[in-house]
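A structural walkthrough
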Amino acid sequence: MTYQPPPPPYQGGYPQGQGGYPQGGYPPNYGYPPQPPKKPVWPWIVGGIVLVLVLLGGGCAAIVGVAAWQVDKEVNSSADLVYEVGGTASQVDITYYTGEFDQNTANSSSVPWRKDVTVSGFAKMGSITVTTSGLEEGTVSCRILRDGKVLDEDTSTGTFGFVSCSASVD
């Protein structure tokens, strides 16, 4: 077997001109280089949704916290009230509210009558009802005061007199 030299290297098929470029002096046009791959958008969308959810959750927690603080403050506050009963009747039956949904009675009480009460809780209110005892004719009145200011008052005249006063404490 005889030795055969390798074929000459591939020259691109163009006749060589100056500077090693094909004849005409310009490099061959192979088109634009490929664009770099685009970065995915979905991580930004997912991140935006997570951020919105976190902000909404934090805002809701803040609103609930403020509301709970206000309710706790209101529940733990109290108000001092004065119940007064007056009139010309000699004996009256009294029912009055003392807070925390407690009602007390003072039957066959003489007039004038006065009671200092401290109400507390979420629904702070005062309430008193007065009726004359028996067939006695006369007048009967009630008043609810807070810090010397009259919150409610009423008067009734006649047999079986009945009067009621109620006030909400803000």
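Structure: above.
Everything in this summary refers to the structure shown in the same document. Because the structure is a prediction, the values reported are computed rather than measured.

1. Let's talk about the overall build of the protein
For the protein, the count of helices and strands is 1 helix and 8 strands. Mapped from its N terminus to its C terminus, the protein presents α and β elements in the order α-β-β-β-β-β-β-β-β. Relative to its 170 residues, the protein shows a buried fraction of 23%. Sequence separation of 24 or more characterises 55% of the internal contacts of the protein that already satisfy a separation of 6 or more. For the protein, the accessible area works out to roughly 12500 Å², and carbon and sulfur atoms hold 60% of it.

2. Re the sheet that holds strand β2 (residues 91-99)
Taken in spatial order, the 4 strands line up as β3-β2-β5-β8 in an open sheet, and their pairing is antiparallel. Looking at strand neighbours, the two that pair on one side only are β3 (102-110) and β8 (162-168), the edges of this open sheet. The mean inter-strand angle of the sheet, taken between neighbouring strand axes irrespective of direction, is 15°. Note that β2 and strand β5 (residues 125-132) share 5 bridges and pair antiparallel. Paired with T95 across the two strands is T129, which belongs to β5.

3. Some words on the state of the cysteines
Applying the stated criterion across every chain, the model contains 1 disulfide. The disulfide partner of C142 is C165, and the gap between their sulfur atoms is 2.0 Å. Here C142 and C165 share a disulfide; its torsion about the S-S bond, 90°, makes the bridge right-handed. With C142 in strand β6 (residues 137-146) and C165 in strand β8, this residue pair connects regions lying 23 residues apart in the sequence. A single burial state applies to C142 and to C165, both of which are buried.

4. Quick notes on the pattern of salt bridges
Oppositely charged side chains may form a pair once their charged atoms are brought near each other. Evaluated as defined, the whole model comprises 3 salt bridges. E84 serves as the salt-bridge partner of R143, at 2.8 Å between the closest nitrogen and oxygen. Of this pair, R143 sits in strand β6 while E84 sits in strand β1 (residues 78-87); the two residues are 59 residues apart in sequence, bridging distant segments of the chain. Judged by its relative accessible area of 28%, R143 falls in the partly exposed class. Ionic pairing is found between D116 and R114, a salt bridge with its closest N-O pair at 3.8 Å. According to the relative accessible area criterion, D116 is exposed, its value standing at 54%. Given a relative accessible area of 51%, R114 falls into the exposed group. Connected through shared salt-bridge partners, E84, R114, D116 and R143 make up one network.

5. Structural notes on the packing of aromatic side chains
Applying the stated rule across the entire model yields 2 aromatic pairs. Taking the centre distance of 5.4 Å and the plane angle of 50° together, the rings of Y96 and W113 count as tilted. Of this pair, Y96 sits in strand β2 while W113 sits in strand β4 (residues 113-120), and the two are 17 residues apart along the sequence. An identical accessibility class is assigned to Y96 and W113; each is buried. Taken together, the ring pairs in this structure connect Y83, Y96 and W113 into an aromatic cluster.

Parameters at a glance
Counting restarts for each chain: residues are numbered from 1 in the order of the written sequence. Given that the model is predicted, a residue must reach a pLDDT of at least 70 before its local features are reported, and side-chain atom pairs must reach 80 or more before they are shown or counted; all residues, however, enter totals for whole chains, interfaces and linings. As a rule here, side-chain values come from all non-hydrogen atoms in the structure, and water together with hydrogens is ignored. Each helix is a run of DSSP H or I of at least 4 residues and each strand a run of E of at least 2, with the numbering of both proceeding from the N terminus. Working definition: with a 1.4 Å probe on protein chains only, accessible area under 20% of the residue-type maximum means buried, over 50% means exposed, and in between means partly exposed. Any pair of residues with heavy atoms lying within 4.5 Å of one another is described as a contacting pair. Accessible surface is estimated by sampling points in the Shrake-Rupley manner with a 1.4 Å probe; for residues, cover comes only from the protein chains shown. For two strands to pair, DSSP has to find at least two bridges joining them. All axes here are fitted lines through C-alpha atoms, helices being fitted over the stretch that makes contact, and every angle between N-to-C directions spans 0 to 180 degrees. Cysteine sulfur pairs qualify as disulfides if the two atoms are within 2.5 Å. The term salt bridge refers to a pairing of a side-chain nitrogen on Lys or Arg with a carboxyl oxygen on Asp or Glu at a separation within 4 Å. Only centres within 6.5 Å qualify two rings of Phe, Tyr or Trp (six-membered ring in Trp) as a pair; their planes then separate them into stacked at under 30 degrees, edge-to-face at over 60, and tilted for everything else.

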